[in-house]
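Chain by chain, the residues run as shown.
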Amino acid sequence: MVAKRIIPCLDVKEGRTVKGVNFVGLQDVGDAVELGRRYAGQGADELVYLDISATVEGRNTFTLLVERIAQNINIPFTVGGGISSIDDASRLLDVGADKISINSAAVRNPMLIDEIAAKYGSQFVVLAVDAKRVGGQWLITTHGGRQLTERELFAWAYEGQERGAGEILLTSMDHDGTRCGYPCELFAQLSQKLSIPIIASGGAGSVEDIADVLSSGRADAALAASIFHYGEITVGELKRQLSEKNIKVRL
Amino acid sequence: MIAVVDYDTGNLRSVCNALGRIGAQYCVTSDIETIRAAERVLLPGVGEASSAMEKLRERGLCDVIKGLTQPVLGICIGMQLMCRSSEEGNAACLGIFDTAVRRFEPDRESGVKVPHMGWNSIGSLHSPLFEGIADGAFVYFVHSYAPDLCDECIAVSANGRTFAAALAKGNFYGTQFHPEKSGDIGEAILRNFLKL
C-alpha cells in the first residue's frame with residue numbers, strides 16, 4: 001500500500017515565505033527554496049506553495065520562485081493561489097510545478113478542471129475545496145471562506161473527480177485555524193464516495209489529530225502549516241510517531 | 001551526454017532538473033542521430049499511452065529506440081511504451097519488455113485509490129540500477145496503469161495488485177516510479193543509471 005503523506009504548506013507573499021520561524025541555523029526564513037529544502041530533508045513527502053500575493057508583480061515573482069523550487073527540491077510540489085485560467089496553469093507547468101491546486105476559479109468555471117486535466121493529465125490537478133457546515137449540510141465556500149455557495153460538498157467533490165481532478169484537498173472552514181482536530185467522519189464519508197486521493201487540511205493541533213484523520217478519517221495525506229512553521233514538531237518526528245501508531249509512512 | 005527524448009508528451013522539466021542536480025550532462029532532443037550517438041538515453045513521459053505511441057511513430061523513433069545498444073531508461077509512460085501493450089487506449093507498444101500494462105482497480109473497502117499517487121515501497125530489487133538501495137525503499141509513483149509481473153521485473157510494488165515497479169532487459173531499463181521526484185533515493189537511482 002501507498003504510504004500516507006505529510007505535506008507542509010508554505011504561504012508565499014511577493015516571492016517570500018511568510019510564517020515559518022524557528023529553524024535552527026536557517027539564516028533567511030523568508031527563503032521559500034531553503035525552507036522547502038529543510039522540510040524535504042526532514043522527510044516531507046510533498047510540499048505545497050500557496051501564493052497569497054495580491055499584485056501582478058507578486059504573481060510574476062512567484063513564477064520565478066517556482067522555477068527555482070523545481071530546480072532545487074527533489075520531491076513533488078504543488079502550487080496554488082490565484083490560478084484562474086489554463087494559461088496560469090501552463091505558465092506554472094512550464095517552470096516545473098508538478099501539480100497546481102485550483103479552488104474558487106473552479107467553482108466559478110468548473111470546465112477549468114476538464115481543460116487542465118485534458119491538457120496536462122489528472123495528476124497535475126488538485127481540486128481544493130473549502131467547506132462549511134450550514135444546517136445539516138456541508139456547503140462549498142470560495143475566497144478563503146468568505147463567500148458561501150449553494151454547492152454541496154459531496155456533489156462538488158464527485159463532480160471534480162469526474163471532470164478530471166487527480167486529488168481533492170479538503171478544508172473544513174469550521175475547523176481551520178482552531179487546532180482542535182479534523183472532522184474525521186466527514187473525511188471518511190468523502191473517502192467512501194471518491195476513488196481519488198483525499199488530502200486533509202485545516203485543524204491539526206496535535207499528532208493525535210493527524211493520526212485520527214489518516215486512520216478513522218481515511219484521508220490519504222495531511223497538509224499542515226502552523227505546527228511545522230512554529231517548530232512544535234518536525235516532520236520527521238511526526239512521521240516517527242505516526243509510524244508507532246501503525247500508520248504506514250515513509251521514514 | 002544523455003539524450004532526453006523529446007516526443008512532445010508534456011513536461012520534461014522535472015527530469016532535466018534532476019539530471020542537473022546530480023551534475024549530469026544532457027540534451028533534450030528528438031533528433032535520430034543525436035539519440036543514436038548519445039552515451040545514454042532517457043525516455044520520459046507523462047500522458048496517455050496510445051497518443052504517446054503515436055507521437056513516437058510520427059517522429060520515426062520506434063525502431064530507433066528498439067535498436068539502441070547504449071543504456072536506455074524509460075520513466076513511467078516511457079517505460080510503459082517499452083512494454084508489449086497497454087490497456088490505455090489499447091496501445092500496441094514497442095515490445096522490448098515482454099509484459100502487458102493494465103489499469104488498477106479502485107477498491108474503496110481496502111482503500112486502493114486510482115491514480116496510485118504517492119510514496120510506495122519497492123522490493124525484490126535485483127539490478128545494478130538499485131545498487132546501494134535496500135528492499136523497502138520508498139519511491140514516488142503517479143499512475144493509473146502498471147505492467148504485470150514478468151521475468152524482466154527487477155523491482156515489485158503493490159497497489160491492490162502486485163506489479164512490476166521496474167524492468168530490465170539487456171541495455172534497456174524502465175521504472176514505473178519517478179526517480180526524478182523520489183528524493184535522495186531517486187537521485188541515487190539516477191546516479192546508478194549513469195554508471196551502467
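Residues numbered from 1 in each chain as written. Chains lettered and ligands numbered in written order. Predicted model: local features only at pLDDT ≥ 70, side-chain atom pairs only at ≥ 80, totals over all residues. Heavy atoms only, no water.

Chemist: I keep staring at the packing of aromatic side chains and nothing clicks. Help me out?
Modeler: In this description, a pair of aromatic rings is defined by centroid distance and the angle of the planes. All names here are of chain B. Across all of its chains, the model carries nine aromatic pairs over all chains by this definition. Residues Phe104 and Phe163 carry aromatic rings whose centres are separated by 5.3 Å and whose planes lie at 75° to one another, so their mutual orientation is edge-to-face. Highlighted residues: Phe104 in the loop between β7 (100-103) and β8 (116-122) and Phe163 in strand β12 (residues 161-169), separated in sequence by 59 residues. An identical accessibility class is assigned to Phe104 and Phe163; each is buried. Seen in terms of ring centroids, Phe141 and Phe163 are 5.7 Å apart; in terms of plane orientation they differ by 85°. Their pairing is edge-to-face. Taken together, the residues span a long stretch of sequence, with Phe141 in strand β9 (residues 137-143) and Phe163 in strand β12 at a distance of 22 residues. The exposure classification of Phe141 matches that of Phe163, with both residues buried. (Phe/Tyr/Trp six-rings, centres within 6.5 Å; stacked < 30°, edge-to-face > 60°. Helix = DSSP H or I, 4+ residues; strand = E, 2+ residues; numbered from the N terminus. Buried < 20%, exposed > 50% of the residue type's maximum accessible area, 1.4 Å probe, protein only.)

Chemist: Looking at this structure, I do not really get the sheet that holds β7(B). What am I missing?
Modeler: Strand pairs in the sheet, formed through backbone hydrogen bonds, run parallel or antiparallel to each other. Strand order in the open sheet made by the four strands is β6-β5-β7-β10 (chain B), with mixed pairing throughout. Sheet topology places β6 (91-92) and β10 (145-147) of chain B at the edges, where each strand pairs with a single neighbour. (Pairing = 2+ DSSP bridges.)

Chemist: What am I meant to see in helix α3 (residues 49-58) of chain B here?
Modeler: Each α-helix winds once per 3.6 residues, and so residues spaced three or four apart point in a common direction. Residue and element names in this part refer to chain B. For α3, every residue scored as buried is listed here: Ala49, Ala52, Met53 and Leu56. The buried side chains of α3 occupy one side of the element, clustering within an arc of 100° when seen end-on. Where α3 terminates, the next one or two residues include Gly60, which has phi positive at roughly 65°. (Arc of directions from axis to C-beta.)

Chemist: I'm lost on the packing of helix α6 (residues 153-163) of chain A against helix α7 (residues 184-193) of chain A in this one. Help?
Modeler: To characterise two packed helices, one gives the angle between the axes of the helices and the distance between these axes. All names here are of chain A. Put simply, α6 and α7 touch, their axes get as near as 10 Å, and they point 40° apart. One way to sum up the angle between α6 and α7 is to call them oblique. Between α6 and α7 lies a crossing of right-handed hand. Every residue of α7 that contacts α6 at Leu153, Phe154, Ala157 and Tyr158 is listed here: Leu186, Gln189, Leu190 and Lys193. (Axes fitted to C-alpha atoms, helices over the stretch in contact; angles between N-to-C directions. Parallel < 35°, antiparallel > 145°, perpendicular 65-115°, else oblique. Left-handed = near helix turned anticlockwise from the far one by under 90°. Contact = heavy atoms within 4.5 Å.)

Chemist: Would you mind showing me how to read the environment of Arg59(B) here?
Modeler: Residues and elements named next belong to chain B. Secondary-structure assignment places Arg59 in the loop between α3 and α4 (62-66). Linking Arg59 and Tyr7, residues 52 residues apart in sequence, is a C-alpha distance of 7.5 Å. Setting aside its immediate chain neighbours within four residues, Arg59 contacts Asp6, Tyr7, Asp8, Ser30 and Ile32.

Chemist: Is there a simple way to think about the interface of chain A and chain B in this case?
Modeler: The figure often quoted for interface size is the accessible area lost as the parts come together. Across the contact, 39 residues belong to chain A and 30 residues belong to chain B. Across the chain A to chain B interface the summed buried area is about 2700 Å²; carbon plus sulfur atoms make up 49%. At the junction of chain A with chain B, the criterion picks out three salt bridges. Across the salt bridge formed by Asp220(A) and Lys113(B), the nearest N and O atoms sit 2.8 Å from each other. At the junction of chain A with chain B, the criterion picks out 22 residue pairs in polar contact (both at pLDDT 80 or more). (Buried area = accessible area lost by both parts, 1.4 Å probe. Salt bridge = Lys/Arg side-chain N within 4 Å of Asp/Glu carboxyl O. Polar contact = N/O pair within 3.5 Å; in protein donor to acceptor, adjacent residues only side chain to side chain.)

Chemist: So what exactly am I meant to see when it comes to the side chain of Asn17(B) here?
Modeler: The topology assignment puts Asn17(B) in helix α1 (residues 13-21). Under the relative-accessibility criterion, Asn17(B) is labelled buried at 11%. Of note is the side chain of Asn17(B), whose polar atom sits 3.2 Å from the backbone oxygen of Ala70(A). Once you skip the residues sitting within four places of it in the chain, Asn17(B) turns out to touch Ala70(A) and Gln71(A).

Chemist: Would you explain the nonpolar core in this entry?
Modeler: Taken as a class, soluble globular proteins show a tendency for nonpolar side chains to be buried jointly. Grouped together as the largest cluster of nonpolar side chains are 82 residues, with contacts concentrated most on Tyr49(A), Ile102(A), Ile168(A), Ile210(A) and Leu242(A). Leave out the neighbours within four places in its chain, and Ile102(A) touches Ile83(A), Leu112(A), Ile113(A), Ile116(A), Val125(A), Val126(A), Leu127(A) and Ala128(A). One finds Ala3(B), Tyr7(B), Leu43(B) and Cys93(B) within the second-largest nonpolar core, a separate group that totals 34 residues. (Core = buried A, V, L, I, M, F, W, Y, C linked by side-chain atoms within 4.5 Å.)

Chemist: What should I look at first to understand helix α2 (residues 56-72) of chain A in this one?
Modeler: With 17 residues, α2(A) extends 25 Å between its outermost C-alpha atoms, agreeing within 8% with the 24 Å of an ideal straight helix rising 1.5 Å per residue. Along α2(A), the residues that are buried comprise Gly58(A), Phe62(A), Thr63(A), Leu65(A), Val66(A), Ile69(A) and Ala70(A). Its buried side turned inward, α2(A) meets β1 (5-13), α1 (32-42), β3 (47-51), β4 (77-80) and α3 (86-94) of chain A together with α1 of chain B. (Expected span 1.5 Å × (residues − 1).)

Chemist: Before we go on, may I ask you to explain the sheet that holds strand β13 (residues 172-175) of chain B in this structure?
Modeler: Residue and element names in this part refer to chain B. Taking strand neighbours across the sheet as the criterion, the seven strands line up as β2-β1-β3-β4-β13-β12-β11 in an open arrangement whose pairing is mixed. Of all the strands in the sheet, the pair left with one neighbour each is β2 (26-29) and β11 (153-159). Sheet twist, expressed as the average angle between the axes of neighbouring strands with direction ignored, equals 25°. Relative to β13, β12 runs antiparallel, the two being bridged by four bridges.

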